[in-house]
Every structure is written in structure tokens, then in C-alpha cells.
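Working through the structure, step by step
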Amino acid sequence: MKIIKMLVVGSVSLALLACASSVIAIDEQEKSWEISRGSVDGAPLIVRQNRGALAVAKSRKAYPYRVMIAIGINRVDENGFPVAEASHELYQFEDKVGAALKNSDSVIAVVLTLPRMRQLVFYTAQPDTVEGVLESMKQQESTLQWGYEVAHDPGWSLYR
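Throughout what follows, the structure given in this document is the object of discussion. (Residues numbered from 1 in each chain as written. Predicted model: local features only at pLDDT ≥ 70, side-chain atom pairs only at ≥ 80, totals over all residues. Heavy atoms only, no water.)

Right, let's talk about the environment of L90 for a bit. Tracing the sequence through the fold places L90 in helix α3 (residues 84-100). Relative accessible area serves as the criterion here: at 2%, L90 is assigned to the buried category. Through-space distance from the C-alpha of L90 to that of G72 is 9.6 Å; in sequence the pair is 18 residues apart. When sequence neighbours within four positions are dropped, the list of residues in contact with L90 reads I71, I73, P82, R118 and L144. (Helix = DSSP H or I, 4+ residues; strand = E, 2+ residues; numbered from the N terminus. Buried < 20%, exposed > 50% of the residue type's maximum accessible area, 1.4 Å probe, protein only. Contact = heavy atoms within 4.5 Å.)

Take the packing of aromatic side chains next. Under the defined criterion, the tally for this structure stands at 3 aromatic pairs. An angle of 5 degrees between the planes, with centres 4.3 Å apart, marks the rings of Y123 and W156 as stacked. Of the two residues, Y123 is situated in strand β6 (residues 117-124) and W156 in the segment after β7 (146-152); the sequence distance between them amounts to 33 residues. Here Y123 falls in the buried class, since its relative accessible area comes to 0%. On the basis of relative accessibility, which here comes to 0%, the residue W156 falls in the buried class. Members of the aromatic cluster, connected to one another through ring pairs, are Y123, W156 and Y159. Between the NZ or CZ atom of R118 and the centre of the ring of Y91, over which it lies, the distance is 4.9 Å. (Phe/Tyr/Trp six-rings, centres within 6.5 Å; stacked < 30°, edge-to-face > 60°. Lys NZ or Arg CZ within 6 Å of the ring centre and 35° of its normal.)

With that settled, consider the nonpolar core. Counting residues in hydrophobic clusters, the biggest one holds 21 residues, and the most contacted among them are I69, I71, F93, V97, F122, L134 and W146. Of all the elements in the fold, those that place two or more residues in this core are β4 (65-72), α3, β5 (106-114), β6, α4 (127-139) and β7. A57, Y63, V121 and L158 belong to the second-largest nonpolar core, a separate cluster that totals 19 residues. (Core = buried A, V, L, I, M, F, W, Y, C linked by side-chain atoms within 4.5 Å.)

Sheet topology note: the strand β2 (residues 33-40)/strand β3 (residues 43-50) ladder contains 8 bridges and is antiparallel. Among the inter-strand pairings, G38 is bridged to a residue of β3, identified as L45. Between β2 and β3, which follow one another and run antiparallel, lie 2 residues, and D41 among them has a positive phi close to 50 degrees. (Pairing = 2+ DSSP bridges.)

Between α3 and α4, the least distance of the axes is 10 Å, while the angle of their chain directions is 135 degrees. The orientation of α3 relative to α4 falls into the category oblique. The two elements α3 and α4 cross, and the hand of that crossing is right-handed. Contacts between α3 and α4 pair F93, K96, V97 and A100 from the former with V133, L134 and M137 from the latter. A class-by-class count of the residues in the contact of α3 with α4 yields 6 nonpolar, no polar and 1 charged. (Axes fitted to C-alpha atoms, helices over the stretch in contact; angles between N-to-C directions. Parallel < 35°, antiparallel > 145°, perpendicular 65-115°, else oblique. Left-handed = near helix turned anticlockwise from the far one by under 90°. Nonpolar A, V, L, I, M, F, W, Y, C, P; charged D, E, K, R; others polar.)

Structure representation (C-alpha cells):
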């Protein structure tokens, strides 16, 4: 679990720096999601950033805890990105986490996809509630391998 935690924090930080100016799309349906492409140490990555996250949170100080969820991806293409079936499973998991955290004063800020891993970054006002929800989810049957970390981050250091 420690390895995943260190990889999560390090790769998200590097990924966000690498994707600073390479916007490739804005989701027209939601208009608040910006999609960027970049690389870390030569490995490709895709970042989806919720441009409306701060509007939901009202301010960074209102949601001072970062929740990072790392999900391993086993079924990948030649670049290490999820194949269609795995992608569908990851989106379902993301929706499930979002629904589970709906009443916990939390907002999803960033989704990072890099070879063999997807990372979800939420910010929350209720870290203990979120940990309880995620621990409960970990007890349920899942075909995905995932872990999480909650950290105090009042400046939203992983959100630009």
C-alpha cells in the first residue's frame, strides 16, 4: 500500500506540471471538464480536470483535505492505457465513488490516467466520513485493485 501512495502523490504532481499547456478537449456536455495530454519520464498520460470544482467547494479552505484514490489497470493497450472494457469498468468505479461520497462535502477535482493506473483526486471537508465510506467500499467485492490516501492540503496543491 505504501508504494501505491508514494506513486500516487509523485505521479500526480509531475503529471499536472507536464500537462500545463496541452489542452486537447473540453467536455461540451459538462463544460467544466478540461482534458489535457502530457508525459512523465517519457510515459504518456491524460489528465481530466474539473474546472468547476472550486465553484462546488466555494473555496479551497472549505475543503482542506485531499483524497487520492489509485486504481491499477490490468487490461491495457500497447501504450499501457485501458482497453475499452477496462475503461468502462473504471468509469463505473469512478461513478460509484462519486455517488458514495455525494453526501460527504467532497468534490472530484482531477482524474489522471497513466500507463497501468488511474488516479482520482477529490477534495473534502469531511476526511473521517470519506475514510469510512472508502473503507466500507474496500470490503465489497471488486475486480479492481485500488487504494487511497487522505492528506491535509488546504491549498489544493494538485489542482491548478
